[in-house]
Amino acid sequence: MRLSIGQVHRNVLALASSRSCFVLGDRLSFRMLSQQRAAGFHQTAWRGSQIVEDRGSPLTLASLEVQSKVEYGKKEKIARTGGPKPSSRGSSLNVKPRVSSSLSVKPRVSSPNVKPAKSALPKSAGVKKTLKVDEALFSAKSFEELGLPPLLIDRLNKEGLTAPTEVQSAAIPIIAQKHDVVIQSYTGSGKTLAYLLPILSEIGPLKGPMEQDNSEKRSGIEAVIVAPSRELGMQIVREVEKILGPNDKRLVQQLVGGANRSRQEEALKKNKPIIVVGTPGRISEISAAGKLQTHGCRFLVLDEVDQLLSFNYREDMHRILEHVGRKSGTTSRDILGPLARRSERQTILVSATIPFSVIRAARSWGHDPVLIRAKSVVPLDSITVPRPALSQADANSSSPSNSVNQAAVGSLPPSLEHYYCTAKAQHKVDTLRRCIHALEAQTVIAFMNNTKPLKDVVFKLKARGIEATELHGDLGKLARSTVLKKFKDGEFRVLVTNELSARGLDVPECDLVVNLDLPTDSTHYAHRAGRTGRLGRKGIVVTICEENEAFVVRKMRKQLAVAIKPCEFTEGELVVHKEEDVE
Ligand SMILES: Nc1ncnc2c1ncn2[C@@H]1O[C@H](COP(=O)(O)OP(=O)(O)OP(=O)(O)O)[C@@H](O)[C@H]1O
């Protein structure tokens, strides 16, 4: 498959547009006060989809076997992971089929009232060169086709994993070719296995026969995976353990902050793991103490790389980039310096949101780094600085905020629906309650910005008979993991949390995300929103803001190129407004 500059642009456009297509094309049965603008929006979506289809049918999760598991477009009964479940929680989100006057939102291609997604898309990432990639990359229907070792495939099958997602189909062969890579794909699309599977094909007990022959030559830690939070770190550990199986799970060791450090150090000595997964602070701490030998490491993964390369983690990341998979004695000038010198290690950077600063950093690795998206693979050095696109105010394309905003385009799953409504601060909890009831949401994550008001919300929800719990950094590690487990097990209907849970957290049953406070920018919106609609499931995102904040939501809507529709919750129903009512 040869991807030209135009095609990549069109694919990006089609991806964003087809998202709109899902939102508006779903046969939602709710009271719609006006659909004219939405119909205009859809027209663009249709066009975008056509472009891709003209070039051979695009790969979607739906086109893989994954679809049969999650059943697109159907109201699915979401299976809980266990624990007590009130009977009222058995069904999935309900977008009001009960209203007799309800309208099915059908695509209308004649009304151009809503600004099409196209105008909201940044003219970003101009791609000048092309990279030849095997067409089969994008059509794998099974893990066998991707050349994974038989032992690994057996383990995947035992865990019920039979078909790769799009991003896995794209990433696995490229990583196997020893490229340094940046993986960008929307939230919940399976990025974790996209990097874990090629790593486990080369190291550990499930690797291929060729690698087995060389096994005596290597010892010690062969892969370091860094994640910004304990929760995400532990989630990755569990994913690796799951694939390794019960007999070999000691081969992965968590090094997350908040846990007992001496125990972690003892486990490193005793279990001799080949993979460590941890947070930047704890990894660099143990490394600085000389208890973590990673010079011979073959893989370094930075999961949620855009966050890990932010200022907060600068010193710890500096140490990690300097020491993992490098001969000792080298020095660096700044955090990006170490990336400039190639070592034996393969570096894999991952996020749903990749700002240009990450591309720029990764470029200096050498060794043909490539950007992998679900439908394209491009050399990093062919990607140019994004051009301004949104408005005069955003015209400075080199400004960090512009780069951050552009990073969020294409980061949201196509299956999500987005709404916003306004409420006075003191009425937000009631609005949340009405929202949960109107949508009959069963597993809800509500985001706030500060801890104290977050506790108040939990208290008020409980007082209104809704089982709710809190998750934030003030809780100890044990409390945090207990809360999360109970929420995943269905003991609580609502998890009220802050940015801590916005990235990477995988609660497949989550059917509603609510922003009780506005996210700081569109990148934060994208990661919060991505906690629902995982792996093609349906999900709804509702932002409850004050009247004078609504313009911020509308701005994010443009930046993200998704339809975030104004709505309200009255008489137990979701009522969607036409845009003119609020502007
Ligand atoms: N091939 C597959 N078949 C079935 N399920 C899969 C497959 N790959 C991943 N999953 C499941 O999909 C869910 C989402 O995967 P994952 O957490 O890796 O997404 P992600 O792209 O990293 O999301 P985020 O950007 O939010 O971190 C997980 O529950 C994972 O176990």
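Residues numbered from 1 in each chain as written. Predicted model: local features only at pLDDT ≥ 70, side-chain atom pairs only at ≥ 80, totals over all residues. Heavy atoms only, no water.

Here we look at the overall build of the protein
We apply this condition: Starting at the N terminus, helices and strands are each numbered in turn, a helix being any DSSP run of H or I of at least four residues and a strand any DSSP run of E of at least two. Note on classification: 1.4 Å probe, protein chains only; a residue is buried when its accessible area is under 20% of the maximum for its type, exposed when over 50%, partly exposed between these limits.
Check the secondary structure of the protein and you find 21 helices and 18 strands. Across the 583 residues of the protein, 58% fall into the buried class.

A few points about the side chain of Thr451
Relative to the elements of secondary structure, Thr451 occurs in helix α18 (residues 451–463). A relative accessible area of 19% means that Thr451 is categorised as buried.

Brief notes about the UniProt feature "domain: Helicase C-terminal" (unreviewed entry) in the protein
This is how the line gets drawn: UniProt positions are given in the numbering used here, feature names are shortened, and annotations may be inferred rather than shown by experiment.
According to UniProt, the feature "domain: Helicase C-terminal" (unreviewed entry) maps to residues 431–575 in the numbering used here. With 37% helix and 23% strand, residues 431–575 has end C-alpha atoms that lie 13 Å from one another.

Quick look at the site of the ligand
Put simply, the rule is: The nearness test applies per residue and asks whether one of its heavy atoms lies within 4 Å of the molecule or strand. Identification of polar contacts relies on pairs of N or O atoms within 3.5 Å, with a donor-acceptor requirement for protein atoms, meaning one able to donate a hydrogen and the other able to accept it, and with residues adjacent in sequence counted only if both atoms are side-chain atoms. The protein chains shown are the only cover counted for residues, whose accessible areas, like all others here, come from Shrake-Rupley with a 1.4 Å probe. Note on residue classes: Ala, Val, Leu, Ile, Met, Phe, Trp, Tyr, Cys and Pro are nonpolar, Asp, Glu, Lys and Arg are charged, and everything else, Gly too, is polar.
By nearness alone, 21 residues border the ligand, and Gly188, Lys191, Thr192, Asp506 and Arg534 come closest of all. One of the backbone N or O atoms of Gly190 is found 3.1 Å from an oxygen atom in the ligand. Contact with the protein chains covers 92% of the free accessible surface of the ligand, which is 640 Å². Of the residues assigned to the shell around the ligand, the class counts are seven nonpolar, eight polar and six charged.

Points about unusual backbone geometry
Within the chain, Glu304 stands out as a residue other than glycine whose phi angle is a positive 65°. Even without being a glycine, Glu571 presents a positive backbone phi close to 50°.

Some words on the nonpolar core
Heads up, the rule is: Throughout this description, the term nonpolar core refers to a set of buried Ala, Val, Leu, Ile, Met, Phe, Trp, Tyr and Cys residues connected via side-chain atoms within 4.5 Å. Throughout, a contact is declared for two residues whenever any of their heavy atoms are within 4.5 Å.
Grouped together as the largest cluster of nonpolar side chains are 45 residues, with contacts concentrated most on Ile183, Tyr195, Ile275 and Ile348. Here the element with the most residues in this core is helix α7 (residues 191–200); it accounts for seven residues. Among residues more than four places away in sequence, those in contact with Ile348 are Ile175, Val181, Ile183, Tyr195, Ile199, Phe299, Leu300, Val301 and Leu302. Core analysis: the next-biggest nonpolar cluster, separate from the first, contains 32 residues, Cys297, Tyr313, Ala362 and Val378 among them.

Remarks on the layout of surface pockets
What counts here: Put simply, the grid is 1 Å and covers the protein atoms alone, a cavity is a trapped set of points that fit a 1.4 Å probe, a pocket is an open set with protein on both sides within 12 Å along at least five of seven lines, and lining residues have an atom within 4 Å of a point. Grid points are joined across faces, edges and corners, and a volume is the space filled by probe spheres set on the points.
Considering only enclosed or pocket space, the largest pocket measures out at about 1300 Å³ in volume. Surrounding the largest pocket, 49 residues form its lining, Gln235, Glu239, Lys242, Asp506 and Pro508 being those nearest its centre. Looking at the lining of the largest pocket, the elements that each hand over two or more residues are α3 (66–70), α7, α9 (230–244), β8 (346–351) and α19 (477–488). Among the elements that take part in the lining of the largest pocket, α9 stands out by supplying nine residues, more than any other. Taken together, the residues of the lining of the largest pocket sort by class into 15 nonpolar, 15 polar and 19 charged.

Examining the state of the cysteines
For the record, the criterion: Defined by distance alone, a disulfide is two cysteine sulfur atoms within 2.5 Å.
According to the stated counting rule, one finds zero disulfides in the structure shown. Residue Cys545 stays outside any disulfide, its sulfur separated by 7.2 Å from that of Cys421, the closest cysteine. With relative accessibility at 0%, the residue Cys545 sits in the buried group.

Re the side chain of Gln254
Its place among the elements puts Gln254 in strand β5 (residues 252–255). Residue Gln254 is classed as buried on the basis of its relative accessible area, which comes to 17%. A distance of 3.0 Å separates a polar atom in the side chain of Gln254 from the backbone nitrogen of Val256. Engagement of the side chain of Gln254 in a polar contact is seen with the side chain of Gln264, the distance being 3.0 Å. Beyond its immediate chain neighbours, meaning those up to four positions away, Gln254 contacts Met234, Val237, Ala259, Gln264 and Val277.

A short note on the sheet that holds strand β4 (residues 223–226)
Here is the rule: For two strands to pair, DSSP has to find at least two bridges joining them. Helix axes are fitted to C-alpha atoms over the stretch in contact, other axes to C-alpha atoms as well, and angles between N-to-C directions run from 0 to 180 degrees.
One open sheet holds the eight strands; their spatial order is β5-β6-β4-β7-β8-β3-β9-β10, and the pairing between them is mixed. The sheet is open, and its two borders are formed by β5 and β10 (376–379), each paired with just one other strand. Here the average twist between neighbouring strands, direction ignored, is 15°. For strand β3 (residues 181–184) and β8, the ladder comprises four bridges, and the chain directions are parallel. Counterpart to Val181 in the pairing with β8 is Ile348. The sheet contacts of α9 involve β4, β5, β6 (275–278) and β7 (299–303), and relative to β5 the element is tilted by about 175°. Each of β4 and β7 touches helix α13 (residues 314–323); the most contacted strand, β7, lies at about 155° to it.

Brief notes about the packing of helix α11 (residues 280–288) against α13
Formally: In what follows, roughly perpendicular refers to angles from 65 to 115 degrees, roughly parallel to angles under 35, roughly antiparallel to angles over 145, and oblique to any angle outside these ranges. Less than a right angle of anticlockwise turn of the near helix away from the far helix marks a crossing as left-handed, whereas a clockwise turn marks it as right-handed.
Taken N-terminus to C-terminus, the directions of α11 and α13 make an angle of 55°; their axes are 9 Å apart at the nearest point. With respect to their mutual orientation, α11 and α13 come out oblique. In terms of crossing hand, the pair formed by α11 and α13 is left-handed. Packed against α11, whose contacting residues are Pro280, Gly281, Ile283, Ser284, Ser287 and Ala288, the element α13 presents Asp316, Met317, Arg319 and Ile320 at the interface. By residue class, the composition of the contact of α11 with α13 is five nonpolar, three polar and two charged.

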